[in-house]
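The residues making up each chain are set out below.
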Amino acid sequence: MTDETRQRPSWDEYFMDIVGVVARRSTCVRRNVGAALVRDRRILSTGYNGAPSGMVHCLDRGCLRLEMKVPSGERHELCRGLHAEQNAIIQAALHGVSVRGATLYCTNHPCVICAKMIINAAIVRIVIRDGYQDDLAAEMLQEAGIEVSRS
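Attention in this report is confined to the structure presented alongside it.

Rules used in this analysis
- Residues numbered from 1 in each chain as written.
- Predicted model: local features only at pLDDT ≥ 70, side-chain atom pairs only at ≥ 80, totals over all residues.
- Heavy atoms only, no water.
- Helix = DSSP H or I, 4+ residues; strand = E, 2+ residues; numbered from the N terminus.
- Buried < 20%, exposed > 50% of the residue type's maximum accessible area, 1.4 Å probe, protein only.
- Polar contact = N/O pair within 3.5 Å; in protein donor to acceptor, adjacent residues only side chain to side chain.
- Contact = heavy atoms within 4.5 Å.
- Patch = residues over 30% accessible without salt bridge, like charges linked within 9 Å, V, L, I, M, F, W, Y side chains within 5 Å.
- Areas by Shrake-Rupley, 256 points an atom, 1.4 Å probe, with all protein chains shown as cover.
- Salt bridge = Lys/Arg side-chain N within 4 Å of Asp/Glu carboxyl O.
- 1 Å grid on protein atoms, 1.4 Å probe; cavity = no way out; pocket = protein on both sides within 12 Å on 5 of 7 lines; lining within 4 Å.
- Points joined across faces, edges and corners; volume = space filled by probe spheres on them.
- Nonpolar A, V, L, I, M, F, W, Y, C, P; charged D, E, K, R; others polar.
- Disulfide = S-S within 2.5 Å.
- Axes fitted to C-alpha atoms, helices over the stretch in contact; angles between N-to-C directions.
- Parallel < 35°, antiparallel > 145°, perpendicular 65-115°, else oblique.
- Left-handed = near helix turned anticlockwise from the far one by under 90°.
- Core = buried A, V, L, I, M, F, W, Y, C linked by side-chain atoms within 4.5 Å.

1. What about the side chain of Asn-49?
One can find Asn-49 in the loop between strand E2 (42–48) and helix H2 (58–61). Residue classification places Asn-49 among the buried residues on the basis of a relative accessible area of 7%. Engagement of the side chain of Asn-49 in a polar contact is seen with the backbone oxygen of Arg-31, the distance being 2.6 Å. Each residue touching Asn-49, except ones within four places of it in the same chain, is listed here: Ser-26, Thr-27, Cys-28, Arg-31, Asn-32, Val-33, Leu-82, His-83 and Ala-84.

2. Looking at a nonpolar patch on the surface
Nonpolar side chains collect at one region of the surface, where Val-29, Leu-59 and Leu-66 lie side by side and expose about 270 Å² of accessible area between them. Along the chain, the position of Leu-59 falls in helix H2.

3. A short note on the layout of surface pockets
The probe, sized like a water molecule, is rolled over the atoms to show the empty space still left. By volume, the largest pocket is sized at about 410 Å³. Along the walls of the largest pocket sit 27 residues, with Cys-28, Arg-31, Asn-49, His-76 and His-83 positioned nearest its centre. At the level of elements, helix H3 (64–67) and helix H4 (84–94) are the ones that each hand at least two residues to the lining of the largest pocket. What the second largest pocket holds in volume is close to 280 Å³. For the second largest pocket, the lining is made up of 15 residues, of which Tyr-48, Ala-51, Ser-53, Asn-87 and Gln-91 are closest to its centre. At the level of secondary structure, the elements contributing two or more residues to the lining of the second largest pocket comprise E2 and H4. Residue composition of the lining of the second largest pocket, by class: seven nonpolar, eight polar and no charged.

4. Re the state of the cysteines
For the structure on display, the rule yields zero disulfides. With no disulfide partner, Cys-58 has as its closest neighbouring cysteine sulfur the one in Cys-79, 5.5 Å distant. Between Cys-114, a free cysteine, and Cys-111, which holds the nearest cysteine sulfur, the sulfur-to-sulfur gap is 3.8 Å.

5. Concerning unusual backbone geometry
Positive phi, normally seen in glycine, also occurs at Asp-40, with a value near 55°. Structurally, the position occupied by Asp-40 is in the loop between strand E1 (34–39) and E2. One non-glycine residue, Ala-122, adopts positive backbone phi at about 65°.

6. Regarding the packing of H4 against helix H5 (residues 112–120)
Orientation of H4 relative to H5, taken along the N-to-C sense of each, is 30°, at an axis distance of 9 Å. The angle between the axes of H4 and H5 places the two elements in the roughly parallel class. The element H4 and its partner H5 pack so that their crossing is left-handed. Contact with H4, carried on its side by Glu-85, Gln-86 and Ile-89, involves Ile-113, Cys-114, Met-117 and Ile-118 of H5 and no other residues of that element. Taken together, the residues that form the contact of H4 with H5 break down as five nonpolar, one polar and one charged.

7. Some points on the nonpolar core
Formed by 24 residues in total, the largest nonpolar core has its most connected members in Leu-37, Val-99, Leu-104, Ile-118, Ile-123 and Ile-126. Among the elements of the structure, E1, H4, strand E3 (103–108), H5, strand E4 (125–130) and helix H6 (135–143) are those that each provide at least two residues to this core. Once you skip the residues sitting within four places of it in the chain, Leu-37 turns out to touch Arg-42, Ile-43, Leu-44, Ser-45, Ala-88, Ile-89, Val-99, Ala-102, Thr-103, Leu-104 and Ile-123. Counting seven residues, the second-largest nonpolar core is a separate cluster that includes Met-16, Ala-36, Val-38 and Val-127.

8. Details of the pattern of salt bridges
Close approach of charged atoms lets side chains of opposite charge pair. Applying the stated criterion to the full structure yields four salt bridges. The shortest N-O distance in the salt bridge between Arg-129 and Asp-17 comes to 3.9 Å. One end of the pair, Arg-129, is in strand E4; the other, Asp-17, is in helix H1 (residues 11–23), and 112 residues separate them in sequence. For the salt bridge of Arg-125 with Glu-147, the shortest nitrogen-to-oxygen distance reads 3.5 Å. With Arg-125 in strand E4 and Glu-147 in strand E5 (residues 147–150), this residue pair connects regions lying 22 residues apart in the sequence.

What follows is the structure, given as C-alpha cells:
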C-alpha cells in the first residue's frame, strides 16, 4: 500500500473508533455506550455504561428499566448502571487526572445528567457518533459554550 492510497483517519475518527471498542465492554442490556476523555491527543480516561464496580451487572441480573417498561431517556434514577461519560469522569478523578479543557468522545450524545457533569468538569468539546433525544442536555451544553459535533 502506498502513501497515496492509504487513508489515515483524522484524530476525531481515530478516537471515535476507540470509543466504539470501549462500548463493547458495556454491561447494559439496552444500549452499549463508550466514552473517552482526551487532551492534547492523549487519552486521559475511558468509560462504558454498566453497574458500579463490584456489583452484579445488568447482563447477569436483568434490567430494572425494561422490567418496569421505562421509555428510553426517562427516569435515569431507576437504573443500576452509570453512563459511559460518568465513568470516564469518575475514573479520571479516581486516578487524580484533571479533565479541564478535554474533549469527550462518546458513541452517543450525553443525557442531561451527564451534560451537567461535563459542564462542571470543564470539558470544552464533545464529539459524538449518534444522537440521543435530550433537548435540555443540548440546550445546556450550548449555553455553556461546549462545542458538540458529530463524527
